[in-house]
Structures are given as C-alpha cells and as structure tokens.
Amino acid sequence: MASDMKIGVVGAAGRMGRMLVRQVCEHPSCALAGATERPDSGALGEDAGSLAGIGEIGIAIGGDAAEMIAGVDTVIDFTAPDATVAHAELAAQAGAAIVIGTTGLTDAHMETLRRAARHVPIIVAPNMSAGVTLLLALVEQVARILDDSFDIEVVEMHHRHKVDAPSGTALGLGRAAAAGRNVDLDAVARMAREGHTGARPRGEIGFATLRGGDVVGDHTVVFAGEGERIELTHKAASRQVFAAGAVRAALWTKGRKPGLYSMRDVLGLAV
Ligand code: NAD
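Residues numbered from 1 in each chain as written. Predicted model: local features only at pLDDT ≥ 70, side-chain atom pairs only at ≥ 80, totals over all residues. Heavy atoms only, no water.

## Structural notes on the packing of aromatic side chains
Reasoning step 1: Considering all chains together, one arrives at one aromatic pair under this definition.
Reasoning step 2: On the numbers, 5.0 Å between centres and 80° between planes, the contact of Trp-252 with Tyr-261 is edge-to-face. Side by side, Trp-252 and Tyr-261 carry an identical accessibility label, which is buried.
Reasoning step 3: Directly above the aromatic system of Trp-252 lies the positively charged group of Arg-256, at a separation of 3.8 Å from the ring centroid. (Phe/Tyr/Trp six-rings, centres within 6.5 Å; stacked < 30°, edge-to-face > 60°. Buried < 20%, exposed > 50% of the residue type's maximum accessible area, 1.4 Å probe, protein only. Lys NZ or Arg CZ within 6 Å of the ring centre and 35° of its normal.)

In structure tokens, the structure reads:
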C-alpha cells in the first residue's frame, strides 16, 4: 500500500537479517523496499524472501547500500560496527531514519552516530526485545532502591557464534544498574575474574560470560545481599522477538524529529 513504511534491510543474509526480512514482509504496515549485503557476499543476487524462508518476493539482495538507502523511509541494520556507522552516514545524507541493533559499538562509533542523528532519527539498542527493554528499567529502579551492601553481578549466555563479550545487552544492564546507583559503569565494572582476585570491592558491578550451543540470549542481574538475593532474568527463545522490536522501532520513527533514541523511548519507558 502507498502508506506503508518503506523499509530497507542491510545485512539481509545474516541470522538477524533474514528474520528482519520475514518480519517486515509479514507486518501489515510496512513493505520491504530493498535488501543489501557486503559487496563480497555470496548472497548477492539471491532473492531476499527465498533466503528468509518465505518464498520469492522479487527483491534481489544488492551490494550498493547508498542506492538502496536513498529509496527507503527507514533502514534496519543488524550487521557489524564499521558497516553500521557507514550505513548511518548514508541514512543521514539520504534523510532516512535508521534502526540499529548491531552490538560492539565503541565510543568512536557512537560519536559518529550522534553526529548523524542531528539529521535523522536514529534508534540504537543492543537488545530490541520488549522484555529486555523493561528489564533495563527494572534493573535501574532496583539498583536505585538497594544500597551498595547488595553486590550486583550480570550473567549472560549466548550461542557459540557470538563474537563480542560481554553481550551488548549485559553491558546495557550494567549501565542501567550504574545509573540507578548514580555511578559511572567504567569506574566500577569488573569484566572478568581469574586467579587470586582478593575480596570483592564494595560497589563493584561484575560480569560473567557463558558461550555455547544455540542459546539465543539469557541475561540475569543478581543483587546479592547478606541473607537474601534478588535475581531478575530474561530469556529469549527466538530471534523473532528482536526482529519484532526492530520493526516496531522502525514504525515509531515516522514523523519523529532527528535525534538519538533508545528502545526505552520507543516503549515509552524513558525517564
Ligand atoms: P550475522 O553474522 O549472522 O549477520 C551479520 C550480517 O551482516 C552478515 O550477513 C554480514 O555479511 C552482514 N554485513 C557485514 N558487513 C556488511 C556491510 N558492510 N554491508 C551489508 N551487510 C554487511 O550476525 P547476527 O547474529 O545476525 O548479528 C548481527 C549483529 O546484530 C551483531 O552485532 C549482534 O550482536 C546483533 N544482535 C542484536 C540484537 C538486538 O536485539 N539488538 C539481537 C541479535 C543480534
């Protein structure tokens, strides 16, 4: 339909890319307007729908992101950090919004995204699921209520193919806990422990990373006090929840002012 939001998916042959193609095609308010991959990808020229398991849709996977982005309302990007910032710059030039699920973004990447967000709406979220977005808000709230006699540990497990650790979501949960305590995560984070580490310093926020099998994404935030413990857990059973969140975010950008937004903005949970 003419009023449908035209969405482009970059990295369309990836695990998330294929989920996104499917989700966009099946959503009643949006239409897939283009799909791209790396210029050296073996998937170039293949039908995006066939690759996504929904049958032919007549959209071949292309290698020219600039051309594709110029013809869409919103881009969805779950690729790799350097590719993502390049796509965001193209989106800013073309006046297209961009929804970014890529994790492992450095401060330098974020700085480029902030510049691009002066021109178009950009949503960045290391986890697009509604459940994790709510968990982030809950963790911040619990950390605000409990004092630092409660030790905070973030535990995550993902499938064996994941390349970054701890997960972007785990770091986001750590940042939410630190924000609740009014401290800077970098100043209190302990990313790993090995050997004779000594007693746990008060106020530390610890991380533990597990990798294996086909685990889509498990996260637990432990608040461990003397004699009692609170554990907040989210388990994703399918990547579909991330794709559904990304499409919801894409639709939310319609008519939105330029700026850098998060999924908490999309769900109305931002403080
Ligand atoms: P994947 O390796 O299966 O897919 C990434 C795809 O991006 C690949 O097909 C690759 O060829 C493509 N790509 C790389 N550079 C490109 C470029 N310049 N142009 C076009 N395509 C390019 O990985 P995945 O499991 O789909 O995850 C992708 C990213 O999304 C990771 O950073 C992952 O951590 C993140 N992720 C985020 C969420 C979330 O909810 N935010 C959920 C799952 C995964």
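Moving on from the coordinates now.
## Concerning unusual backbone geometry
Reasoning step 1: With omega at -10°, the peptide bond leading from Ala-165 into Pro-166 counts as cis.
Reasoning step 2: Positive phi is not limited to glycine here, since Asn-182 has a value of about 65°.
Reasoning step 3: Within the fold, Asn-182 resides in the loop between helix H7 (168–181) and helix H8 (185–188).
Reasoning step 4: With a relative accessible area of 73%, Asn-182 lands in the exposed category. (Helix = DSSP H or I, 4+ residues; strand = E, 2+ residues; numbered from the N terminus.)

## What about helix H6 (residues 130–145)?
Reasoning step 1: For H6, spanning 16 residues, the distance from its first C-alpha to its last is 23 Å, which sits close to the expected 22 Å at 1.5 Å a residue.
Reasoning step 2: Within H6, the full set of buried residues consists of Val-132, Thr-133, Leu-135, Leu-136, Ala-137, Val-139, Glu-140, Val-142 and Ala-143.
Reasoning step 3: Looking at the buried residues of H6, the elements they touch are strand S6 (151–158), H7, strand S9 (217–224), strand S10 (229–236) and helix H10 (263–266). (Expected span 1.5 Å × (residues − 1). Contact = heavy atoms within 4.5 Å.)

## Some thoughts on the pairing of S10
Reasoning step 1: Both S9 and S10 contribute to a ladder of eight bridges, which runs antiparallel. In the sheet register, Asp-218 faces S10, and the bridge partner there is Lys-235. (Pairing = 2+ DSSP bridges.)

## Remarks on the sheet that holds strand S4 (residues 97–100)
The strands making up a sheet associate through backbone hydrogen bonding, with each pair oriented either parallel or antiparallel.
Reasoning step 1: Strands sit in the order S2-S1-S3-S4-S5-S11 across an open sheet of six strands; the sheet is parallel. Each of the sheet's edge strands pairs with one partner strand only, and the pair in question is strand S2 (30–36) and strand S11 (259–261). Neighbour to neighbour, the strand axes of the sheet diverge by 20° on average, direction disregarded.
Reasoning step 2: The pairing of S4 with strand S5 (residues 121–124) spans three bridges and is classified as parallel. Bridge pairing in S5 links Val-99 to Ile-123.
Reasoning step 3: Sheet strands touched by helix H4 (residues 81–94): strand S1 (5–10), strand S3 (74–77), S4 and S5. Its angle to S4, the strand with the most contacts, is close to 165°. (Axes fitted to C-alpha atoms, helices over the stretch in contact; angles between N-to-C directions.)

## Digging into the sheet that holds S10
Reasoning step 1: Taken in spatial order, the five strands line up as S7-S8-S6-S9-S10 in an open sheet, and their pairing is mixed. Single-partner strands in this sheet number two, and they are strand S7 (189–190) and S10.
Reasoning step 2: Direction of pairing for S6 relative to S9: antiparallel, over a ladder of seven bridges. When the bridges of S9 are listed, Val-154 appears paired with Val-221.

## Topic: the nonpolar core
Reasoning step 1: Membership of the largest hydrophobic core comes to 35 residues, with the highest contact counts inside it found for Leu-20, Val-24, Ile-76, Phe-78 and Val-99.
Reasoning step 2: When contributions to this core are tallied by element, the ones reaching two or more residues are S1, helix H1 (15–26), S2, helix H2 (48–52), helix H9 (240–252) and H10.
Reasoning step 3: The greatest single-element share of this core, amounting to seven residues, is contributed by H9.
Reasoning step 4: Those residues in contact with Val-99, other than ones at most four positions away along the chain, are Thr-74, Val-75, Ile-76, Asp-77, Ile-123, Met-128, Ala-246, Ala-249, Ala-250 and Thr-253. (Core = buried A, V, L, I, M, F, W, Y, C linked by side-chain atoms within 4.5 Å.)

## A short note on the site of the ligand
Reasoning step 1: The full set close to the ligand counts 20 residues, and Met-16, Glu-37, Arg-38, Thr-103 and Met-128 are the nearest of them.
Reasoning step 2: The contact in question runs from an oxygen atom of the ligand to an N or O atom on the side chain of Glu-37, over 2.6 Å.
Reasoning step 3: At a separation of 3.0 Å, a nitrogen atom of the ligand approaches a polar backbone atom of Ala-125.
Reasoning step 4: The protein chains hide 80% of the 860 Å² of surface that the ligand would expose on its own.
Reasoning step 5: The set of elements that each furnish at least two residues to the shell around the ligand consists of H1 and H4.
Reasoning step 6: For the shell around the ligand, the class distribution of residues is eight nonpolar, eight polar and four charged. (Near = heavy atom within 4 Å. Polar contact = N/O pair within 3.5 Å; in protein donor to acceptor, adjacent residues only side chain to side chain. Areas by Shrake-Rupley, 256 points an atom, 1.4 Å probe, with all protein chains shown as cover. Nonpolar A, V, L, I, M, F, W, Y, C, P; charged D, E, K, R; others polar.)

## Observations concerning the pattern of salt bridges
Reasoning step 1: The tally for this structure, following the rule as stated, stands at 14 salt bridges.
Reasoning step 2: Its salt-bridge partner being Arg-202, residue Asp-148 comes within 2.8 Å of it at the nearest N-O pair. Pair noted here: Asp-148 is in the loop between H6 and S6 and Arg-202 is in the loop between S7 and strand S8 (205–211), with a separation of 54 residues, a long-range link.
Reasoning step 3: Among the residues examined, Asp-148 registers a relative accessible area of 30% and is labelled partly exposed.
Reasoning step 4: Put simply, Glu-153 and Arg-193 hold a salt bridge, and the shortest N to O gap is 2.8 Å. Of this pair, Glu-153 sits in strand S6 while Arg-193 sits in the loop between S7 and S8, placing them 40 residues apart in sequence.
Reasoning step 5: According to the relative accessible area criterion, Arg-193 is partly exposed, its value standing at 39%.
Reasoning step 6: Three or more residues joined by partner-sharing salt bridges are found here, namely Asp-151, Glu-153, Arg-190, Arg-193, Arg-200 and Glu-204. (Salt bridge = Lys/Arg side-chain N within 4 Å of Asp/Glu carboxyl O.)

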